[in-house]
Amino acid sequence: MDAPALVLVLRYRKAVTYGFHVLLGALEEHRTSTPYEVRFGETPEATATHVRTALDGGAQRVLVLWSFYSPDAEAMAGELALIRGLVDAPNVAHVAGGVHATAEPVQTLDAGWDVAAVGEGETTLLRLVDAAGDPTGIPGLAYRDATGAIVRTRRPERRPLDEFRGFSLRWHRFNALEITRGCVFSCRFCQTPFMFSAKFRHRSVANVRWHVDAMRERGLRDVRFITPTALSYGSQTDEANLDAVEELLASCREGIGPDGRVFFGSFPSEIRPEHITREALRLVRKYCANTNIIVGAQSGSDRILDAAKRGHGVEEVRRAVRVGVEEGFRINVDMIFGMPGEDRADVEASLGLARELADLGARIHAHTFMPLPGTPWREAPPGDVAPETIREVDRLSQRGALYGHWQKQRDHAVRLAAAADAHPRPGRSRTILPVVDR
Ligand code: SF4
């Protein structure tokens, strides 16, 4: 058998499979004159073995594809060094994609990757394959030229979601289906609007149904969705569009069949509090199997919600949880501690809300604020949680009313801030941000 011109080795980690499946879904339908192969590196060592096998097999070029979130960037740079120590050659290039590489391409190159993929990856990958792995001039990339100067090509196009498959049939890799990309809200701590634009792009009901039918044919029974805000499906504004949601859910329910299950507004997506109404929750109950929903609250302080540009207040959160409980759902509420400008009174307000919602039967999913690259709060101080807050949060978690990786996120927040300080944006420096006056 002839050696492939190009071998793509995915550094295939459980945390980021979805991003790769979407790329594979685009690739499997793409006609190209480049002979290529795809291999899955499930550990750093397996990744190095795939690279070595490809080189030994005569591949002209090997691209190792990476995808990671900002909190994982440092650990992934360590893995990259490990893999390079095991195998390296001039025709092997390590390409980092995902939200961190998009927000911090220079930091990504400085950390050791050869190429940073900026923005949505589908069209970029297809062009890279067409060019047999040569990144020169392909939109959506940053890399160094022969002199070491950084080259940044133009942003790749943002295409309608229906143009690409949401998972891969050829490689048998399935995942929750992305039904909406981008977000019209502009929460200052969130990377989504920056990464995918401040507009919604929705996968059509017919296209979603095609995916559901394909899953059922392969014996898969659970349909879950990836969306920034579940009840925004079909909407172009900050209002929910329940007709579109019902059309979607009814079609999925029918498509997956009597043994199948549809999940909406639960992991891995969530619902904004102001979108929760009895009518909306009754649609979920009518078509879906989930008995829990996730509500994004983020803070118990209106002052902090305003500063974060959340677009809702504390009262909407209370109302959403009450309605949800009355409609028979278990409610998980996302909250972020250590937001920029938060003072003792704001923290007390968040803890008070957490206790109140826990008494209603909700569970609090606690996070620590992280100054994420690409967000308006990149230069904000890392989330700091006072010892008395930690004690109260611990009490709630011992009651089973609170869960989450908030301690780990405190460490991530500090590391992200240090990495950003090493790559300052012109005219921006880390500062204690003023919020709004009391
Ligand atoms: S937090 Fe949710 S609602 Fe806010 S911008 Fe991000 S995705 Fe949109």
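Residues numbered from 1 in each chain as written. Predicted model: local features only at pLDDT ≥ 70, side-chain atom pairs only at ≥ 80, totals over all residues. Heavy atoms only, no water.

**Q** Describe the packing of helix 13 (residues 344-360) against helix 14 (residues 387-398), and please don't skip the residues or the numbers.
**A** As a packed pair, helix 13 and helix 14 sit with axes 11 Å apart at the nearest point and diverge in direction by 5 degrees. Our classification of the angle between helix 13 and helix 14 gives roughly parallel. Residues Arg344, Val347, Leu351, Ala354, Arg355 and Ala358 of helix 13 lie in contact with helix 14, whose contacting residues are Glu388, Thr389, Glu392, Val393 and Leu396. Classifying every residue of the contact of helix 13 with helix 14 gives six nonpolar, one polar and four charged. (Axes fitted to C-alpha atoms, helices over the stretch in contact; angles between N-to-C directions. Helix = DSSP H or I, 4+ residues; strand = E, 2+ residues; numbered from the N terminus. Parallel < 35°, antiparallel > 145°, perpendicular 65-115°, else oblique. Contact = heavy atoms within 4.5 Å. Nonpolar A, V, L, I, M, F, W, Y, C, P; charged D, E, K, R; others polar.)

**Q** Let's hear about the domain arrangement of the protein chain: which residues, and what values?
**A** Domain annotation for the protein chain reports domain 1 (6-152) and domain 2 (169-422). Here domain 1 and domain 2 have C-alpha centroids that lie 30 Å from each other. Each side of the interface is counted separately: domain 1 has 24 residues, and domain 2 has 25 residues. Carbon and sulfur atoms supply 57% of the area that domain 1 and domain 2 bury against each other, a total of about 2100 Å² over both sides. Linking domain 1 with domain 2 are five salt bridges. (Domains from an automatic or database assignment. Buried area = accessible area lost by both parts, 1.4 Å probe. Salt bridge = Lys/Arg side-chain N within 4 Å of Asp/Glu carboxyl O.)

**Q** So, helix 12 (residues 314-326): which residues are in play, and what are the values?
**A** Relative to the 18 Å expected for 13 residues at 1.5 Å per residue, helix 12 spans 19 Å between its end C-alpha atoms, a close match to the ideal helical length. For helix 12, the full list of buried residues reads Val314, Val317, Ala320, Val321, Val323 and Gly324. Contacts made by the buried residues of helix 12 are with helix 10 (278-287), strand 14 (292-298), helix 11 (302-307), strand 15 (330-337) and helix 13. Remark: Gly328 follows helix 12 within two positions and exhibits a positive phi of approximately 90 degrees. (Expected span 1.5 Å × (residues − 1). Buried < 20%, exposed > 50% of the residue type's maximum accessible area, 1.4 Å probe, protein only.)

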